[in-house]
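Listed here are the chains, written in short residue letters.
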Amino acid sequence: MADDDLAGEIVRVAGPLVVARGLPAPKMYDLVRVGAQGLMGEVIELRAEDASIQVYEETGGLGPGDPVYTTGGALSVELGPGLLESIYDGVQRPLNLLREMEGNFITRGTDMPALSRERDWEFVPVVKEGDEVQPGDLLGTIQETPVIEHRVLLPPGVKPGRVQSIRSGALKITDVVAVVGDGEAATEVTLLQRWPVRRARPFKHKYAPTDPLTTGQRVIDTFFPVAKGGTACIPGPFGSGKTVVQHQIAKWADADVILFVGCGERGNEMTEVLLEFPQLTDPYSGHPLMKRTVLIANTSNMPVAAREASVYTGLTIAEYYRDMGYNVALQADSTSRWAEALREIGARLEEMPGEEGYPAYLGSRLASFYERAGLVSCLGSKECSGSVTVVGSVSPPGGDLSEPVTQATLRVVKVFWGLEDRLAFMRHFPAINWLVSYSMYLAQVSKKWDEIIDPSFKELRTEAMTLLQREAELEEIVRLIGVEALSAGERLTMEGARSIREDFLHQNAFDEIDTYSSLKKQFLLLRCVITFHREAEKALEAGAEIDDVLASPLRERLADAKFIPEDRLEDFDKLDQAAVKAMEDLVPREERGAVSNL
Ligand SMILES: Nc1ncnc2c1ncn2[C@@H]1O[C@H](COP(=O)(O)OP(=O)(O)O)[C@@H](O)[C@H]1O
Ligand SMILES: [Mg+2]
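Residues numbered from 1 in each chain as written. Chains lettered and ligands numbered in written order. Predicted model: local features only at pLDDT ≥ 70, side-chain atom pairs only at ≥ 80, totals over all residues. Heavy atoms only, no water.

(A) A look at the pairing of strand β5 (residues 50-55). Of all the six residues making up β5, six are buried; the element is thus mostly covered by neighbouring parts of the structure. Here β5 shows no split at all, with D50, S52 and Q54 on one side and A51, I53 and V55 on the other all buried. Pairing of strand β4 (residues 39-47) with β5, which is carried by six bridges, proceeds in the antiparallel orientation. Bridge pairing links G41 to V55 in β5. Linking β4 back to β5 in an antiparallel pair, the connection comprises two residues, with A48 at a positive phi of about 50°. (Buried < 20%, exposed > 50% of the residue type's maximum accessible area, 1.4 Å probe, protein only. Helix = DSSP H or I, 4+ residues; strand = E, 2+ residues; numbered from the N terminus. Pairing = 2+ DSSP bridges.)

Dropping the structure here:
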């Protein structure tokens, strides 16, 4: 802590906000220590001689006259090996370790380092003395967990130069691993780095994302895909399935590293995550999922200012792994609670409120949050790319999408998964409304499908979407004049759409097999559904009865097709053939030859 003569003093306390006078040369976003306990705080407004400080811990007991110390630095996170498997609060205090030490509540002012100072890491150098290096260049590697190799890079901001010395073998994170540069310009590099959370980490270029982030969720991957390096939002009323979707993405997405920021939701929900995630197995490696995951938990009962910071803490850690060339997926649940933290702090600052009491800068804050997503070419002399995908849930009060947080979010994100309580009530999960949702990555991502799955995938998707839209129109008619008004062809359209909804879009997150579908399986399943529909259309034209089509036992087989396991994908071909055969059999005998000539 700073000397006493570097201290200012508190003149006012308002909830999470403290106003201090007399701080020497305070700057915006300076990290300060407040009161005798040295509570963490950050300068968020400067006005004449007063500094307004948001405090990351409960401010009870603080009062005018208590000291405030400057630290001279900005709110930063520790970066280095040991991040993976960690569970932090919004300002990167380790939750599991603290809990072990002090029970369920974090004692105020507790200062536990985010990364262990004791642990040894086996460092394998890839450069040698005399090599020229620049920021972003690989110095060596550490097997951080069985699934992630930690790439130790020359940090941004260090002057390029020659490697003077390089270590190998067991190192603690504070040990000097390399000395780079000569004489005055020499820099000692440690495994431990710090980075101010509100500043995006640098990269060379940002590219438009092209590759799908496969989440294993059919309505997402096939209908409204997100790209690696893209942005998506999930607005929906309470209980519509936002958290389940984000958990599913965290569990199944084909990203290398997962960041989950539990932001302001109820404590018990986050406790579930904290208890559940450490039990999960990574479907890709068979190791525990936590070996490539970092959890950040800031629940509604924790200090509101730390909630404001938590998304930046998460983003900075995400960017750190991106810089190593990894694809990182960050989930923030919920950005509405984060916006409420902004609103609360804004109100304490007595700022002029904007729409619904949110600060006028809500939109620009949200934009700069999502802007830190992206596919980038990393610093360093070698070509290397990494990505951060950001998925934020939004909890609009009453599900009303016209409210400011949803609107500001929709202006910046490229994918919209609109959850609806009507669907959730009907137990159609994920309750993503297929008529209003969209993905601006569809064109790019479906180009990739041609290469990695099948050139006909895109067409199947378009056909399915058309059927769903036709269904919505026909439903209007049915509502007005009843189902008898529909022609046989229209009834078949309704049936096709029903099958897409129930046999394809509906996906149970809690079923052992259905919880995840590979992209290949999604394609095959959709192909079966559409094949059946196309064959039924042909059969109708050739004289089959619609009632016979609707009574076909094949419908039941289609309903079960989503439970075909990943190692039996050839079963889908058999089902396709069975569909063709079943529909042919419904055509009156004398017409059969004509059908096969169609
Ligand atoms: N994909 C799904 N499969 C099965 N059940 C689901 C699915 N999505 C949501 N649910 C059900 O809906 C409930 C509420 O979901 P949750 O994600 O907690 O809602 P929210 O975060 O929007 O308040 C879950 O507890 C679960 O019972
Ligand atoms: Mg939730």
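Now, onward.
(B) Summary view of the sheet that holds strand β10 (residues 132-133). Pairing within the open sheet is antiparallel, and its four strands lie in the order β10-β13-β15-β16. With one partner strand each, in any of the chains shown, β10 and β16 (187-190) form the two edges of the open sheet. Bridging between β10 and strand β13 (residues 161-166) involves two bridges; their strand directions are antiparallel. The residue bridging E132 from the neighbouring strand is R162, located in β13.

(C) Region of the structure containing the side chain of T215. One can find T215 in the loop between β18 (205-207) and α2 (218-223). A polar contact is formed between the side chain of T215 and the side chain of D221, at a distance of 2.8 Å. Residues in contact with T215, not counting those within four places in the same chain, are I220, D221, Q248, I249, W252, A253 and Y516. (Polar contact = N/O pair within 3.5 Å; in protein donor to acceptor, adjacent residues only side chain to side chain. Contact = heavy atoms within 4.5 Å.)

(D) Main features of a nonpolar patch on the surface. There is a patch of nonpolar side chains on the surface, built from I477, L480 and I481 and spanning about 320 Å² of accessible area. The exposure class of L480 is exposed, given its relative accessible area of 69%. (Patch = residues over 30% accessible without salt bridge, like charges linked within 9 Å, V, L, I, M, F, W, Y side chains within 5 Å. Areas by Shrake-Rupley, 256 points an atom, 1.4 Å probe, with all protein chains shown as cover. Salt bridge = Lys/Arg side-chain N within 4 Å of Asp/Glu carboxyl O.)

(E) Spotlight on the packing of helix α5 (residues 304-322) against helix α6 (residues 335-348). Look at α5 against α6: their axes get within 8 Å of each other, and the N-to-C directions meet at 130°. Classified by the interaxial angle, the pair formed by α5 and α6 is oblique. Considering the relative orientation of α5 and α6, their crossing is left-handed. Here V304, A305, R307, E308, V311 and Y312 of α5 lie close against α6, whose contacting residues are R337, W338, E340, A341, L342, E344 and I345. When grouped by side-chain class, the residues that make up the contact of α5 with α6 number eight nonpolar, no polar and five charged. (Axes fitted to C-alpha atoms, helices over the stretch in contact; angles between N-to-C directions. Parallel < 35°, antiparallel > 145°, perpendicular 65-115°, else oblique. Left-handed = near helix turned anticlockwise from the far one by under 90°. Nonpolar A, V, L, I, M, F, W, Y, C, P; charged D, E, K, R; others polar.)

Note that every value here comes from positions in space, so none of it alone points to a role or purpose.
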